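Listed below are the residues making up each chain.
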Amino acid sequence: MQKKLDAIGIGLSGLCIVHCLLMPLVVVALPALAGSTVEGVWGHALLLAIAIPVSVTAFVSGLRSHGGVRPSIIGGLGLLLMTSALLPWWTEAGERAITIIGVVVLASGHFINQRLQRFA
């Protein structure tokens, strides 16, 4: 189960990166989407609300299975960065950058979690 959750977490991270990079182009191409909640703070919060339970469940399961704390720390840092992107002081570019960094860090935690599971 933990390996599946890590795979889902990595997949969601990839989708988040694609969203962060391509959505501005879509909004420019289709101005009607400019007010879309998927692009705004609500969309970010919704994606984060999905990422948190998937990630926490995968990391707790991995910790119980292989005992390695490193994936949980790395994944927690990624979630913290992603959450901090919701704070109001970020510019749009800053929010996008910190989100992408957080997503990459989170995906790294999932990847390490999967690797440790192979040796458990």
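Bear in mind the structure is a predicted one, so any value in this text is a computation, not a measurement.

A. Expanded view of the overall build of the chain. When you go through the chain residue by residue, the secondary structure sums to four helices and zero strands. Secondary structure elements in the chain, listed N-terminal to C-terminal, are α-α-α-α. In the chain, the share of contacts with a sequence separation of at least 24, taken over all contacts with a separation of at least 6, comes to 77%. Summing over all exposed atoms, the chain offers an accessible surface of approximately 6,900 Å²; the carbon and sulfur share of this is 76%.

B. Focus on the nonpolar core. Within the largest apolar cluster, 10 residues are counted, these being C16, C20, L48, A51, F59, L79, M82, I100, V103 and L106. Put simply, the parts of the chain that give this core at least two residues each are α1 (2–29), α2 (41–66), α3 (70–84) and α4 (92–118). Excluding residues that lie within four positions of it along the chain, C20 makes contacts with R96, T99 and I100.

C. Seen up close, the environment of F59. Counting through the fold element by element, F59 comes out in helix α2. Using a relative accessible area of 5% as the deciding quantity, one classes F59 as buried. As for F59 and D6, which are separated by 53 residues in sequence, their C-alpha atoms are 8.2 Å apart. Excluding anything up to four places from it in sequence, F59 contacts D6, P71, S72, G75, L106, G109, H110 and N113.

D. Seen up close, α3. The end-to-end C-alpha distance of α3 is 21 Å, a good match for the 21 Å that 15 residues give at a rise of 1.5 Å each. Every buried residue of α3 is listed here: P71, G75, G78, L79, L81, M82 and S84.

E. The arrangement of the side chain of S84 in detail. Here S84 is to be found in helix α3. Reaching out from S84, the side chain makes a polar contact with the backbone oxygen of L81 at a distance of 2.7 Å. Excluding residues that lie within four positions of it along the chain, S84 makes contacts with W90 and I98.

F. Local environment of the packing of α3 against α4. At a minimum axis separation of 7 Å, α3 and α4 run at an interaxial angle of 160°. With respect to their mutual orientation, α3 and α4 come out roughly antiparallel. The way α3 lies across α4 gives a crossing that is left-handed. Contacts between α3 and α4 pair R70, P71, I74, G75, L77, G78, L79, L81, M82 and S84 from the former with I98, T99, I101, G102, V103, V105, L106, S108, G109, I112, N113 and L116 from the latter.

G. Structural context of the side chain of H66. Looking at where H66 falls in the secondary structure, it is placed in helix α2. Within polar-contact distance, the side chain of H66 engages the backbone nitrogen of G68 at 2.9 Å. In this structure the side chain of H66 is engaged in a polar contact, spanning 2.7 Å, whose partner is the side chain of N113.

H. How the structure looks around the confidence of the model for the chain. Here the chain averages 84 in pLDDT, while 83% of its residues score no lower than 70. Summarising per-element confidence for the chain, the mean pLDDT is lowest in α1 (77) and highest in α3 (96).

Calculation rules
- Residues numbered from 1 in each chain as written.
- Predicted model: local features only at pLDDT ≥ 70, side-chain atom pairs only at ≥ 80, totals over all residues.
- Heavy atoms only, no water.
- Helix = DSSP H or I, 4+ residues; strand = E, 2+ residues; numbered from the N terminus.
- Contact = heavy atoms within 4.5 Å.
- Areas by Shrake-Rupley, 256 points an atom, 1.4 Å probe, with all protein chains shown as cover.
- Core = buried A, V, L, I, M, F, W, Y, C linked by side-chain atoms within 4.5 Å.
- Buried < 20%, exposed > 50% of the residue type's maximum accessible area, 1.4 Å probe, protein only.
- Expected span 1.5 Å × (residues − 1).
- Polar contact = N/O pair within 3.5 Å; in protein donor to acceptor, adjacent residues only side chain to side chain.
- Axes fitted to C-alpha atoms, helices over the stretch in contact; angles between N-to-C directions.
- Parallel < 35°, antiparallel > 145°, perpendicular 65-115°, else oblique.
- Left-handed = near helix turned anticlockwise from the far one by under 90°.
- pLDDT = per-residue confidence, 0-100.

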